[in-house]
Amino acid sequence: MPLTKLDRSANYFINAFFIIVCALITLPFLLVIAVSITSEDSLVQYGYRFIPHSISFEAFRIIFIEPSIMLKGYGVTILITVIGTVIAMFLTALTAYPISRRDFRYQRPITFYVFFTMLFNGGLVPFYIMMTQYFHLKNTLAALIIPLLLSPYNILIMKGFLDKISMEIIESAKMDGATEKRIFLQMILPLSTPALATLGLFISFAYWNDWFTALLFIDNDKYVPLQLLLVRILSQIEFLANSPLAEAADKLQYANFPTLSVRMAMAILAGGPMLIIFPFFQKYFVRGITVGSLKG
Amino acid sequence: MKLGSRTGRWFKREWIYFRKNRELLVLALPGILYKLVISYFPMVGLILAFKFFRYDQGIFGSRWVGFDNFTFLFKSQDALRIIRNTLLYNFAYITLGTVVALVFALLLNELSGRMVKIYQTTMFLPYFISLVLVGYITYAFLEHKSGYLNNVLQNFGFEPHKWYFETKPWIFILPLVSIWKGVGFSTLVYYAGILGINSEYYEAAKLDGASRPQMMMRITLPLLKPLVIILFILGLGGIFRGDFGLHYFVPNNVGMNFATTDIIDTYVYRALTKLGDINSAAAVGFLQSVVGLVTIVSANYLVRRVDKESSLF
């Protein structure tokens, strides 16, 4: 399509608009990075700036000399993400499959039963009391895994995929005498690998970024996932100064423990990797959105 | 006698159906049980709103108090504050979010090729970080002594602000952060909607000599209208559900700004984990659940009237 002069200048204008928008969206990230590599002295003297007055990697050096806190956080997060994602994927597929079968007599009531929880719930108070007082799950790994195992939204994505599997192959498998369990395990699951991949991505994303369950159920130092570690660093002023990191700073013979830059460096080390990895899978997120936005 | 045999036949038939569907039911069972425990059990706990809860007496052992929790709740300043904040902020997020995303999507549609992808990816970045990290980022801007915003203010000769101790700024900060975090996602929803429009409309319009703004106003926008209305109404349906993370981490849980930052969800959380009034929290939680159900069902009813296909149920 040949562009008219007017069109072309409009294009320039729109491009300029989006470049400004994108710059504004990215700048906050750059500020955090800039703070993390600014020396503590210049942070105290000049405040947080986009262009550091004097660059220093002291914050990262301290964290790498004493990586125990960070590694422990990563350990817990990776553990709950892996265990949670595996169980959640299986459970989601297991629940989505029967309600995707139109010949299943209880399809409609079960579908309603599952999705009604999106509209109505007991709220936080009863849930919290149930988990802590009745199931005694406070300060356990289970408390971090169980609440995210089966989300109706994920069931919807899975069901959307399973709906497309033709009844004929299921019928023919049944003719050959296969049980429903076998059909599910040996036919449906292998057929749904693309859907399971998308699902796994969503679920692991949810586990990785989850701070809410940790905030609710973890109040000791044993199972502190990354996100909760970050919460504590930000909300408890003395948290870093009382941590092994302060000793590391001593070892490196820094006069003062660089609280400000270490804080931001922790944020980068905790959030950065995912910020690099997840955008590669953006296309799957997009697919999930287009499924979920209309029938969400 | 006749009735008896009819129900008997019914049972027999259902039993046969049950046996036929048993295997699939077994597959669905783990999910059903999970939902029963995690989602349906707590619904029973809603009765706490009408009880005086004591940890040692549990949900069922605690004493009934009728509507006392509600009277107490509405006598305090808290109730009005958190309900007002929840509703107003959500309304602001929904309207602003819709307008910005719609404009962005329409403009994005005017462009083509690689740049669109780059813009999309960039705008999507904030979507991938947790609200805890968003809290860090806003902290870098707002921190009183060294925060970027105060730096800039002082450079231009203005007085620095104690943002976390003030109430007014949050009315602007929170919607801004909400847009920053969500714009990539919501733009994409509308952009996907635009891409779904049949290209024949545009080809026909082009033959008739329509200009690009004309096509945008006469084709894209009208065809996108149902989607916009639906998402807007559904958003309103969830207006009683606050964004806990946004209102907890960004204002950094500082009591001095609660007047303009505290919402139902943050209030309930504090009541549970810090020293707080768990009975008022149970009462307001009850309101949130019940009114939330009403708003969503009415929203869905409205959506059905706009476009039957797009309703949730």
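What counts, and at which threshold
Residues numbered from 1 in each chain as written. Chains lettered and ligands numbered in written order. Predicted model: local features only at pLDDT ≥ 70, side-chain atom pairs only at ≥ 80, totals over all residues. Heavy atoms only, no water. UniProt positions renumbered as here; feature names shortened; annotations may be inferred. Helix = DSSP H or I, 4+ residues; strand = E, 2+ residues; numbered from the N terminus. Contact = heavy atoms within 4.5 Å. Buried area = accessible area lost by both parts, 1.4 Å probe. Salt bridge = Lys/Arg side-chain N within 4 Å of Asp/Glu carboxyl O. Polar contact = N/O pair within 3.5 Å; in protein donor to acceptor, adjacent residues only side chain to side chain. Phe/Tyr/Trp six-rings, centres within 6.5 Å; stacked < 30°, edge-to-face > 60°. Buried < 20%, exposed > 50% of the residue type's maximum accessible area, 1.4 Å probe, protein only.

- The name given to chain B in an unreviewed UniProt entry is Putative aldouronate transport system permease protein, with Paenibacillus taihuensis as the source organism.
- If you open the UniProt record of chain B and go to Subcellular location (unreviewed entry), you find "Cell membrane".

- By the naming in an unreviewed UniProt entry, chain A is Putative aldouronate transport system permease protein, taken from Paenibacillus taihuensis.
- Within the UniProt record for chain A, the comment given under Sequence similarities (unreviewed entry) is "Belongs to the binding-protein-dependent transport system permease family."

### Some remarks on the UniProt feature "domain: ABC transmembrane type-1" (unreviewed entry) in chain B
Thinking step 1. Following the UniProt record, one finds the feature "domain: ABC transmembrane type-1" (unreviewed entry) at residues 83–299 of chain B.
Thinking step 2. Along residues 83–299 of chain B one finds 75% helix and 0% strand; the C-alpha atoms at either end are 19 Å apart.

### Structural notes on the interface of chain B and chain A
Thinking step 1. The partner chain A presents 93 residues to the 94 residues of chain B that form the contact.
Thinking step 2. Here chain B meets chain A over a buried area of about 8600 Å², counting both sides, of which 75% is carbon and sulfur.
Thinking step 3. Of all residues in chain B, the largest losses of buried area upon contact with chain A belong to Leu27, Phe128 and Tyr136 of chain B, amounting jointly to 10% of the total for that side.
Thinking step 4. Our count for the contact surface shared by chain B and chain A stands at one salt bridge.
Thinking step 5. Across the salt bridge formed by Glu14 of chain B and Arg105 of chain A, the nearest N and O atoms sit 2.6 Å from each other.
Thinking step 6. If you look at where chain B meets chain A, you find 25 residue pairs in polar contact (both at pLDDT 80 or more).
Thinking step 7. Broken down by element, the residue count for the side of chain B that touches chain A peaks at 22 residues, all from helix α1 (residues 2–44) of chain B.

### A short note on the packing of aromatic side chains
Thinking step 1. Tallied over the entire structure, the rule returns 44 aromatic pairs over all chains.
Thinking step 2. Taking the centre distance of 4.7 Å and the plane angle of 80 degrees together, the rings of Phe50 of chain A and Tyr148 of chain B count as edge-to-face. With Phe50 of chain A in the loop between α2 (40–46) and α3 (58–65) and Tyr148 of chain B in helix α7 (residues 148–155), this pair bridges two chains.
Thinking step 3. Assessed through its relative accessible area of 23%, Phe50 of chain A is described here as partly exposed.
Thinking step 4. A residue is classified by how much of its surface remains accessible, and Tyr148 of chain B, at 24% relative accessible area, is partly exposed.
Thinking step 5. Centroid distance Phe70 of chain B to Phe286 of chain B: 5.9 Å. Interplanar angle 80 degrees. Geometry classified as edge-to-face. Remark: Phe286 of chain B occurs in helix α14 (residues 278–306) and Phe70 of chain B occurs in helix α3 (residues 68–75); sequence separation between them is 216 residues.

### A closer look at the UniProt feature "transmembrane region" (unreviewed entry) in chain A
Residues and elements named next belong to chain A.
Thinking step 1. In the numbering used here, UniProt assigns the "transmembrane region" (unreviewed entry) feature to residues 12–37, 74–98, 110–129, 141–162, 183–208 and 260–281.
Thinking step 2. For residues 110–129, the end-to-end C-alpha separation is 27 Å, with 80% helix and 0% strand making up the annotated structure.
Thinking step 3. Taken end to end, residues 141–162 is 73% helix and 0% strand, and its two terminal C-alpha atoms sit 32 Å from one another.

### Considerations on helix α9 (residues 199–207) of chain B
Thinking step 1. A side-chain oxygen of the first residue of α9 of chain B lies 3.1 Å from the backbone nitrogen of Glu200 of chain B; this N-cap is Asn198 of chain B.
Thinking step 2. Gly209 of chain B lies just past α9 of chain B and shows a positive phi near 80 degrees.

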